[in-house]
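So the chains spell out like this:
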Amino acid sequence: MNESTEIINEILQSIGVDTAYRTESLTLLEKGESRYLRDMKLNFTSTLTSEHLSTKECALLGLSTAINNNNVVLTKYFTAYAEAHGATAADIAEAAGCASLLASNNVFYRFRHFTQKEKYTQIPARIRMQLMMKPVTGKEFFELMSLAISAVNGCEMCVNAHEDSLIKLGTTEERVFDAVRIASLVTATGKIIF
């Protein structure tokens, strides 16, 4: 067994997937004995902890990102990881709801931002967002998940709005940065394992 296969097996075991599992992209990295596999392993491991976020928060950010990205393997992993670190069924449902709500918001507000037509800002959005009003995970953390998903989805308007809300709520820039870092690394891992 070469080093690439060993690293792949370590990654798969850590996320609870059979070591026989392969995607086309994982196979390409393995055949090429890519040095990226070591980076991927370390990067993914770094999504599980933070100096500025609790382990539960890291898990819920990972979960919301995995759901946003339609990644079944990582959704299952982060659901179990969140549960193991104190997340309730309501917390987990909220992470799922956040991914869905922000998917609609990000498309809608990107459209408004791209067109820059005053008329579109005057027409009511008619997107129900009660989930944001009294989130079970708390207003600050829901905003953090919303920011991370908006960054993944590339909505500049939403990123700026959520970051502004977080700063006004007293969130540190380090917390904001770590939330986006985690979302970016979960997204990167999901390009290989899905």
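The rules behind these values
Residues numbered from 1 in each chain as written. Predicted model: local features only at pLDDT ≥ 70, side-chain atom pairs only at ≥ 80, totals over all residues. Heavy atoms only, no water. Helix = DSSP H or I, 4+ residues; strand = E, 2+ residues; numbered from the N terminus. Rg over C-alpha atoms; globule rule 2.2 N^0.38 Å. Buried < 20%, exposed > 50% of the residue type's maximum accessible area, 1.4 Å probe, protein only. Areas by Shrake-Rupley, 256 points an atom, 1.4 Å probe, with all protein chains shown as cover. Lys, Arg positive; Asp, Glu negative; His and termini not counted. Charge placed at Lys NZ, Arg CZ, Asp CG, Glu CD. Salt bridge = Lys/Arg side-chain N within 4 Å of Asp/Glu carboxyl O. Contact = heavy atoms within 4.5 Å. Core = buried A, V, L, I, M, F, W, Y, C linked by side-chain atoms within 4.5 Å.

Q: Explain the overall build of the protein chain here, please?
A: Counting its regular elements, the protein chain contains ten helices and zero strands. Helices (α) and strands (β) of the protein chain occur, in sequence order from the N terminus, as α-α-α-α-α-α-α-α-α-α. Here the C-alpha radius of gyration of the protein chain, 18 Å, is about what a compact globule of 194 residues would show, namely 16 Å. If you line up the protein chain on its principal axes, its C-alpha atoms span 60 × 35 × 25 Å. Burial statistics for the protein chain: of 194 residues in total, 44% are counted as buried. As displayed, the protein chain has an accessible area near 10,200 Å², and 55% of this comes from carbon and sulfur atoms. Counting 19 positive and 22 negative side-chain charges, the protein chain places the centres of these two groups 10 Å from one another.

Q: Which parts of the structure should I look at to understand the environment of Ala-80?
A: Tracing the backbone shows Ala-80 in helix α5 (residues 72-84). Sequence separation between Ala-80 and Ala-125 is 45 residues; the distance between their C-alpha atoms is 35 Å.

Q: Before we go on, may I ask you to explain the pattern of salt bridges in this structure?
A: As a working rule, side chains carrying opposite charge can pair if their charged atoms are close by. By the definition in use, this model includes nine salt bridges. A salt bridge links Arg-38 to Glu-3; its shortest N-O distance comes to 1.8 Å. Here Arg-38, found in helix α3 (residues 36-45), pairs with Glu-3, found in helix α1 (residues 3-14); they are 35 residues apart in sequence, far enough to count as distant. Residue Arg-38 is classed as partly exposed on the basis of its relative accessible area, which comes to 41%. Using a relative accessible area of 45% as the deciding quantity, one classes Glu-3 as partly exposed. Notably, a salt bridge pairs Lys-168 with Asp-164, separated by 2.9 Å at the nearest N-O pair.

Q: Looking at this structure, how should I read the side chain of Asn-9?
A: Among the secondary structure elements, Asn-9 is positioned in helix α1. By relative accessible area, which is 12% here, Asn-9 ends up buried. In this view, Asn-9 contacts Met-1, Thr-19 and Arg-22; residues no more than four positions away in its chain are not counted.

Q: Would you take a moment to explain the nonpolar core for this structure?
A: If you look at soluble globular proteins, the nonpolar side chains tend to sit buried side by side. Ranked by size, the top nonpolar core spans 52 residues in total, and within it Ile-15, Leu-26, Leu-60, Leu-61, Phe-78 and Ile-193 carry the most contacts. At seven residues, helix α8 (residues 139-153) tops the list of elements feeding residues into this core. For Phe-78, the contacting residues outside a window of four places in its chain are Phe-44, Thr-47, Leu-48, Ala-59, Gly-62, Leu-63 and Val-186.

Q: What is the right way to look at unusual backbone geometry in this model?
A: Excluding glycine, residues mostly have negative phi values, and the peptide bonds linking residues are mostly trans. Backbone geometry at Glu-33 places phi at a positive 45°, although glycine is not the residue there. Residue placement: Glu-33 occurs in the loop between α2 (24-31) and α3. In this structure, Arg-126 takes a positive phi of about 55° despite not being glycine. Within the secondary structure layout, Arg-126 lies in the loop between α7 (118-122) and α8.

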